[in-house]
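# Topology and contacts: notes
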Amino acid sequence: MTYTNKEMQVVMIARQIRDGQRVIVGTGLPLIGASLAKRTYAPRCCLLVESGMVDGRPMEAPTSVADLRFSQGASSLGETFRYFGLQNNTLRKKVIDIGFLGGAQVDPYGNLNSTSIGDYHHPAARFSGSGGANGIATFVDTVLIMQHQRRRFVEKVDYLTSPGWIDGPDGRRSRGLPAHCGPRAVVTDLGVMRFDEGTKRMFVAERYPGVTAEEIQRNTGFDIDVSRAVESRPPEPECLEILRRQLDPDRVYIGKN
């Protein structure tokens, strides 16, 4: 079957979730990717969204975390303020296994900017800011979701909204952050980046079929190691069928072919 890089990105998001994990997801590609994981790779994972719904099993991808389609089969439907209390406690107690985050910029150490572009006091663009992202990035292993563009992959973020590995292997501990957790992967529309165990700097782990290492470097605003990149396994036909015909039949997320 033929597929687009956007469909490949959704499948790769789903592959980051292991069966039985407790996962915080947000609106957009993480939500449809997690929904796909629940239907395929990780049927026993538990998905949490900030509207208060826990362990939903949506038959069709919700358009936001407040979309009641996520409540299909959910084990708990709570008020948002109770969810934030739950999140605060569970993050600190290491109950959550993984969280998905996005942003406007990311640097070589997985630090995210979702606040502003340019000078903070006179920005070229102002965004919604952290929300709960800083707490998730502080206390939980994270997977970052980005579109692979030079303006997004930058040497230094204009504003550090959510911490990654800061500036290297001792970066988190030296700032008083938990050193045992941090960003584990960046899933883009070109490939999957991971972080070197020694240096904590980003490298290309996988490139999608048809994508070259040179294309990834060309779309990255800093030098990135491409020597370890392997070609990703193509999407399974059954995953594409579920994605196209059940989860996103109107192609709101994956777009038109």
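Residues numbered from 1 in each chain as written. Predicted model: local features only at pLDDT ≥ 70, side-chain atom pairs only at ≥ 80, totals over all residues. Heavy atoms only, no water.

### Observations regarding the overall build of the chain
Which entries qualify depends on this criterion: Numbered from the N terminus, helices here are DSSP runs of H or I no shorter than four residues, and strands are runs of E no shorter than two. A 1.4 Å probe and the Shrake-Rupley method give the accessible areas. Residues count as covered only by the protein chains that appear here.
When helices and strands are tallied, the chain shows 7 helices and 14 strands. Within the structure as shown, the chain displays about 11500 Å² of accessible surface, and the carbon and sulfur contribution to it stands at 50%.

### Re the pattern of salt bridges
When the charged atoms of two side chains lie near each other, side chains of opposite charge can form a pair. Quick reminder of the rule: A pair is scored as a salt bridge if a Lys or Arg side-chain nitrogen falls within 4 Å of a carboxyl oxygen belonging to Asp or Glu. Burial classification: accessible surface area is computed with a 1.4 Å probe over protein chains only, and a residue below 20% of its type maximum counts as buried, one above 50% as exposed, and the rest as partly exposed.
Going through the model one piece at a time under the given rule, you end up with 14 salt bridges. In this structure, R175 and D167 form a salt bridge, with 3.2 Å as the shortest nitrogen-oxygen distance. Residue classification places R175 among the partly exposed residues on the basis of a relative accessible area of 48%. Classification of D167 as partly exposed rests on a relative accessible area of 44%. The network of salt bridges with common partners includes E7, R244 and R251.

### Quick look at the packing of aromatic side chains
The relative placement of two aromatic rings is captured by the distance of their centres and the angle of their planes. Where we set the bar: Aromatic contacts are taken between Phe, Tyr and Trp rings whose centres are within 6.5 Å, Trp giving its six-membered ring; a plane angle under 30 degrees counts as stacked, one over 60 as edge-to-face, and the others as tilted.
Applying the stated criterion across every chain yields a total of 2 aromatic pairs. Where Y120 meets Y159, the ring centres are 5.2 Å apart and the plane angle is 25 degrees; that geometry is what we call stacked. A residue pair is termed long-range when its members are at least 10 positions apart, and Y120 in the loop between β8 (116–117) and β9 (125–126) and Y159 in the loop between β10 (142–145) and α5 (171–174) qualify at 39 residues. Judged by its relative accessible area of 37%, Y120 is partly exposed. Assessed through its relative accessible area of 33%, Y159 is described here as partly exposed. Ring centres of F153 and F222 lie 6.4 Å apart, and the angle between their planes is 40 degrees; this geometry places the pair in the tilted category. Highlighted residues: F153 in the loop between β10 and α5 and F222 in the loop between α6 (213–218) and β14 (230–231), separated in sequence by 69 residues. Residue classification places F153 among the buried residues on the basis of a relative accessible area of 0%.

### A closer look at the pairing of strand β12 (residues 191–195)
To keep it simple, the criterion reads: The criterion for strand pairing is that DSSP finds at least two bridges linking the strands in question.
Burial within β12 is extensive, with 4 of its 5 residues counted as buried. One ladder, built from 3 bridges, connects strand β11 (residues 183–187) with β12; its direction is antiparallel. From the neighbouring strand, V187 faces β12, where its bridge partner is V192. The antiparallel pairing of β11 with β12 creates a hairpin that spans 3 residues between the two strands.

### Description of the packing of helix α1 (residues 5–15) against helix α2 (residues 29–39)
Under the convention used in this document: All axes are obtained by fitting lines to C-alpha atoms, using only the stretch in contact for helices, and the reported angles, taken between N-to-C directions, cover 0 to 180 degrees. Put simply, angles under 35 degrees are roughly parallel, angles over 145 are roughly antiparallel, angles from 65 to 115 are roughly perpendicular, and the rest are oblique. Crossing handedness is read from the near helix: turned anticlockwise from the far helix by less than a right angle, it gives a left-handed crossing, and turned clockwise, a right-handed one. Whether two residues are in contact is decided by their heavy atoms, any of which lying within 4.5 Å being enough. Note on residue categories: nonpolar means Ala, Val, Leu, Ile, Met, Phe, Trp, Tyr, Cys or Pro, charged means Asp, Glu, Lys or Arg, and polar means any other residue, Gly included.
Contact pair α1 / α2: the axes reach a minimum separation of 7 Å and the direction vectors enclose 60 degrees. With respect to α2, the axis of α1 lies oblique. Remark: the crossing between α1 and α2 carries right-handed chirality. Contacts between α1 and α2 pair K6, Q9, V10, V11, I13 and A14 from the former with L29, P30, I32, G33, A34, L36 and A37 from the latter. For the contact of α1 with α2, the per-class residue count stands at 10 nonpolar, 2 polar and 1 charged.

### Description of unusual backbone geometry
Here K200, not a glycine, exhibits a phi torsion of approximately 65 degrees, which is positive. For K200, the position within the fold is in the loop between β12 and β13 (202–207). Residues other than glycine seldom take positive phi values, yet R251 does so here, at roughly 55 degrees. Tracing the sequence through the fold places R251 in the segment after α7 (237–247).

### Structural notes on the side chain of Q21
Stated formally: Under this definition, polar contacts are N or O atom pairs within 3.5 Å; protein pairs additionally need one hydrogen-donor-capable and one acceptor-capable atom, and for neighbouring residues in sequence, both atoms have to be side-chain atoms.
Among the structural elements, Q21 can be located in the loop between α1 and β1 (22–24). A polar side-chain atom of Q21 sits 2.9 Å from the main-chain amide nitrogen of R18. For Q21, the contacting residues outside a window of four places in its chain are Q16, C45, C46, D97 and I98.

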